[in-house]
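Per-entry structural report
If you want the building blocks of each chain, they are given just below.
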Amino acid sequence: MTVPVTTPAVPADAVVAKLSTLDRFLPVWIGVAMLAGLLLGRVMPGLETALQAVQVDGISLPIAIGLLVMMYPVLAKVRYDRLDSVTGDRRLLVSSLLMNWVLGPALMFTLAWVFLPDLPAYRTGLIIVGLARCIAMVIIWNDLACGDREAAAVLVALNSIFQVVAFAGLGWFYLNVLPGWLGLDQSGISASPWDIARSVLIFLGIPLLAGFLSRRVGEKAKGRTWYEERFIPRIGPFALYGLLFTIVVLFALQGDAITRNPVDVARIALPLLVYFAVMWGGGYALGAGLGLGYARTTTLAFTAAGNNFELAIAVAIATFGVTSGQALAGVVGPLIEVPVLVGLVYVSLALRKRFTPISSKGAHPHG
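This report concerns the structure included in the present document. (Residues numbered from 1 in each chain as written. Predicted model: local features only at pLDDT ≥ 70, side-chain atom pairs only at ≥ 80, totals over all residues. Heavy atoms only, no water.)

Digging into the overall build of the protein chain
For the protein chain, the helix and strand inventory stands at 17 helices and four strands. Counting the 367 residues in the protein chain, one finds 53% classified as buried. Here the contacts in the protein chain between residues at least 6 apart in sequence split such that 84% fall between residues at least 24 apart. Looking at the protein chain as shown, the accessible area adds up to about 15200 Å², and 69% of this sits on carbon and sulfur atoms. (Helix = DSSP H or I, 4+ residues; strand = E, 2+ residues; numbered from the N terminus. Buried < 20%, exposed > 50% of the residue type's maximum accessible area, 1.4 Å probe, protein only. Contact = heavy atoms within 4.5 Å. Areas by Shrake-Rupley, 256 points an atom, 1.4 Å probe, with all protein chains shown as cover.)

Listed below in structure tokens is the structure:
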């Protein structure tokens with residue numbers, strides 16, 4: 001594990017002031033993207049059919065493109081020669097695994113039954129969301145909050161491996177076995193390890209490989225200074241362009257379901273709000289208590305709170321159908337997650353000054 005080095009504390013307002021116009025007003029752009037998507041879905045009824053005409057692993061091709069464009073720039077920023085400092089931090093790795101694969105699914109199961117005891121379809125959809133751990137958008141939130149970029153890459157990769165191995169088994173346990181033990185209604189999902197592995201390989205593997213090769217080839221040809229000061233600033237904004245594009249398309253596809261069922265959306269939203277608050281706050285408190293430093297505490301919190309809604313939606317649609325309540329619950333996920341986690345980016349930056357001015361080697365300012 002790397003010995004911490006002392007670095008000057010950077011006030012949160014100074015960090016925010018250094019953000020580009022695109023970054024600084026991200027909540028505004030996301031709000032506009034959500035509204036634009038909802039309006040497109042309403043005023044262009046044939047748009048959903050067109051967007052769903054071509055799919056990649058059960059996901060609309062435009063959404064797939066948006067996800068890949070969104071993740072590539074951030075993964076191209078990762079300093080892969082520093083990953084050993086993360087893999088040696090057992091406190092971070094064990095904490096992340098416990099938060100993601102023990103607390104997260106159990107908490108979502110509990111909240112789903114507490115808030116939606118009379119709505120089995122939505123309840124099942126939420127439980128599936130709780131099983132699909134982060135591999136995509138969390139990289140964006142972590143980067144905006146000045147988290148440890150290398151740690152995020154390792155934790156997301158770790159989640160991906162566990163997702164392939166554990167998703168189907170945990171789905172069986174939380175939807176069939178545990179409810180049976182408790183005398184509750186039972187359900188089930190249809191998701192083989194290969195289906196999940198294919199999704200992970202496409203939506204994480206492709207941008208991860210592209211990011212690694214970009215840095216390897218770019219640094220070898222032009223040097224690290226050119227790569228980080230010239231190349232990265234050029235491709236960096238495309239992460240947020242991809243995010244905004246994905247949000248527009250996602251909400252255009254599901255706009256009718258969302259606007260047609262406002263009460264149902266509100267009921268699904270309540271347990272999600274509690275979930276995000278508990279998971280992010282718990283991750284932040286745990287990281288601070290373990291003395292991980294600001295950057296890795298932030299990464300732990302965001303990777304604990306984030307979910308792989310793309311996988312959850314794909315599983316719900318494959319098992320229960322595109323118009324099912326389970327699928328709607330998955331769609332409401334990003335509707336709540338996006339604005340909440342954007343808000344938590346600013347909360348995280350505001351809390352930064354409470355940390356002592358010590359960071360792990362490899363932690364870095366936003367850039």
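What to know about the side chain of arginine 215
Relative to the helices and strands, arginine 215 resides in helix α11 (residues 193-222). Of note is the side chain of arginine 215, whose polar atom sits 2.9 Å from the backbone oxygen of lysine 77. Other than its neighbours up to four places away in sequence, arginine 215 contacts Ala76, Lys77, Val78, Arg79, Tyr80, Arg224, Tyr227 and Glu228. (Polar contact = N/O pair within 3.5 Å; in protein donor to acceptor, adjacent residues only side chain to side chain.)

Comments concerning the nonpolar core
Ranked by size, the top nonpolar core spans 96 residues in total, and within it Ile30, Ile140, Trp141 and Leu243 carry the most contacts. Top contributing element to this core by residue count: helix α17 (residues 325-351), with 12 residues. With near-sequence residues (within four places) excluded, isoleucine 140 lies in contact with Met70, Val74, Ala239, Leu240 and Leu243. (Core = buried A, V, L, I, M, F, W, Y, C linked by side-chain atoms within 4.5 Å.)

So, the side chain of threonine 297
Here threonine 297 shows up in helix α15 (residues 294-305). With residues up to four places along the chain from it excluded, the contact list for threonine 297 reads Gly283, Tyr284, Gly287, Ala288, Leu292 and Phe355.

A look at the environment of arginine 234
Secondary-structure assignment places arginine 234 in helix α12 (residues 224-235). Separated by 161 residues in sequence, arginine 234 and proline 73 place their C-alpha atoms 9.4 Å apart.

Concerning the packing of aromatic side chains
Counted according to the given criterion, the structure contains 13 aromatic pairs. A centroid spacing of 5.6 Å and a plane angle of 80 degrees characterise the contact between tyrosine 294 and phenylalanine 355, whose relative ring orientation is edge-to-face. In this pair, tyrosine 294 is assigned in helix α15 and phenylalanine 355 in the loop between α17 and β4 (358-359), connecting sequence segments 61 residues apart. Per residue, the accessibility class of tyrosine 294 equals that of phenylalanine 355, and both read buried. Following the ring pairs from residue to residue traces out a cluster consisting of Trp280, Tyr284, Tyr294, Phe302 and Phe355. The ring of tryptophan 113 is capped by arginine 123, whose NZ or CZ atom sits 3.6 Å from the centre of that ring. Just above the ring of tryptophan 226 sits the side chain of lysine 222; from NZ or CZ to the centre is 5.8 Å. (Phe/Tyr/Trp six-rings, centres within 6.5 Å; stacked < 30°, edge-to-face > 60°. Lys NZ or Arg CZ within 6 Å of the ring centre and 35° of its normal.)

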